[in-house]
Amino acid sequence: MNTIAQHWINGQWTGSGSVLESINPADGTVVGSFYDGGEAEASAAVDAAAAAFETTAWARTPSLRATALSRLADALEARIPEVAAMLSRENGKLLGETTWEVSGAVGWLRYAAASARTQTAGRAAETAPGQYTHSVPEPLGVAGIISPWNSPIMLTVRALGPALAAGCTVVVKLPAQTALTNELFAQVLASVPEIPAGVVSVFTESGNTGAPFLVSSDKVDVINYTGSTPVGRSIAAAASTTLKRLGLELGGKAPMVIFPDADLDMVIPTVVQSLVLMNGQFCCTGSRVLVHRDIADQVRTRLTSALAQVRLGSGDDEKAQLGPVIDRASAQRVDAIVEEAASYGTVLLRGGVVTDGPLAAGAFYRPSLIEVDRTDVRIVQEEVFGPVQTFEVFDDEDDAVTKANATIYGLAASVFSSDSMKARRIARRIRTGTVWINTWGAISEDFEEGGVKGSGYGYLCGPRAIEEFQALKVYVEQDHTQSAH
């Protein structure tokens, strides 16, 4: 790694911008320094991507793209321990979680490599006598990918893989919170000789000039953004001037709907895991627990006890279940939301910021559980992005569905019941892109991910992912020796 983490633009390491420090949220120590990019780096990367799209064989050679993606997967796989360890230090996730993230990204790259060979062919037909029509999927052009800090490797790769498979050239904007991890990932990209200079550029930004440049540039043909709903709305508005293609995976308030016939020995640890994974900073965090009235007392007691016993620790603590949130300001923000909720809800478990002991130097937040009987309150309607759950009681199936659908979000949900037909019936009525039945958080590169309502639009993973980066061109040829009628 460079002494100061740099950007990777047009096949060159670039040390431009002011120098900032990356901070370990587990203890407040400095992990390292990095160059902070912005509009200048974004502009240079877009120019390089536009030139590479027009002048290299990348967009026109599926076999090259498949080979490059396969070798990129190999290169990332070889550095899983190194990348995972750095990511854990920079964003506070447990080492097991970051190892899973980077390992999963390898699998998604291999899927993309296969897509480059199998999902770039069109179809053809004689549509009238002597008239031959065929369609060909073509790469849209330059793609901009804007990724968040909570899972920067996986959330980048699930867009980067299909974008490259389609034949696009790509500019990736990565967050400052994981700057040193970003450079390690750029090193992996730089190690693959089959990727021509300019096809992929990566820059890190703490501010807000480079990403808006990608959104507004008429040289960028498609944007993929993962992040909050308010920012997603602003991106959609800004992109309207160029009418570029958008893929937006935005916020979530995943309801966990629990019926009396559910196996609580399985449900309780699953609900706990849905809160602590990624330290509660996940768009699919199980932030709303909806429980049938007949078992409310039992679940309330068991869940409160289980959350109170969650062990906090740094990423390298093998016994830890929950790491820090991204920084101390975020811990204070989460605590303010919980404090406000105490004024209209019942506090079942008041966690809070860790202010003493060996973890006090970090950004640790103990889990909180707040019971509410209204859906029009902030803690239900807004993403908390921290280890905080609401406890809500429902009376019947209709009540469960009404409450599950009571927010603007529609990313994911879970239904727990031993009656498979009832579970499917409820799942069908919940308006989300994904519904897990008797589980939570199961994802696969083979199937699509995406949201509805305020959780965005577009798909990543699965066979539709590559289509987000393709346009369909139709060719019509006429043999004038035959009648077209």
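Scroll up to find the structure this text is about.
These numbers were taken from a predicted model, which means no experiment stands behind them.

Engineer: Help me understand the overall build of the protein in this model?
Structural biologist: What the protein contains, in helices and strands, is 14 helices and 23 strands. Against the globule reference of 23 Å for 485 residues, the protein gives a C-alpha radius of gyration of 24 Å, in line with a compact fold. Counting over 485 residues, the protein shows a buried share of 56%. Pairs at least 24 residues apart make up 72% of the contacts formed inside the protein by residues separated by at least 6 positions. Summed over its atoms, the accessible surface of the protein is roughly 19,000 Å², and 51% of this surface lies on carbon and sulfur atoms. Computed over 38 positive and 54 negative side-chain charges, the inter-centroid distance for the protein is 3 Å.

Engineer: Please clarify how the packing of aromatic side chains should be interpreted in this entry.
Structural biologist: Ring pairs (aromatic) are described by centroid distance and by the angle formed between their planes. In the structure shown here, the tally under the stated rule is five aromatic pairs. Judged by centre distance (4.9 Å) and plane angle (55°), the rings of W8 and W13 are tilted. A relative accessible area of 12% means that W8 is categorised as buried. Relative accessible area serves as the criterion here: at 30%, W13 is assigned to the partly exposed category.

Engineer: How should the environment of A329 be read in this particular structure?
Structural biologist: In this fold, A329 is placed in helix α11 (residues 328-341). Along the sequence, A329 and A363 sit 34 residues apart, while their C-alpha atoms lie 8.1 Å from each other.

Engineer: What is the right way to look at the sheet that holds strand β4 (residues 18-23) in this model?
Structural biologist: Sheet strands pair by backbone hydrogen bonding; their relative direction is either parallel or antiparallel. What the three strands build is an open sheet, ordered β1-β5-β4; its pairing is mixed. Two strands bound the open sheet, and with one partner strand each, they are β1 (4-5) and β4. Bridging between β1 and strand β5 (residues 30-36) involves two bridges; their strand directions are parallel. By the bridge assignment, I4 is partnered in β5 with S33.

Definitions and cut-offs
- Residues numbered from 1 in each chain as written.
- Predicted model: local features only at pLDDT ≥ 70, side-chain atom pairs only at ≥ 80, totals over all residues.
- Heavy atoms only, no water.
- Helix = DSSP H or I, 4+ residues; strand = E, 2+ residues; numbered from the N terminus.
- Rg over C-alpha atoms; globule rule 2.2 N^0.38 Å.
- Buried < 20%, exposed > 50% of the residue type's maximum accessible area, 1.4 Å probe, protein only.
- Contact = heavy atoms within 4.5 Å.
- Areas by Shrake-Rupley, 256 points an atom, 1.4 Å probe, with all protein chains shown as cover.
- Lys, Arg positive; Asp, Glu negative; His and termini not counted.
- Charge placed at Lys NZ, Arg CZ, Asp CG, Glu CD.
- Phe/Tyr/Trp six-rings, centres within 6.5 Å; stacked < 30°, edge-to-face > 60°.
- Pairing = 2+ DSSP bridges.

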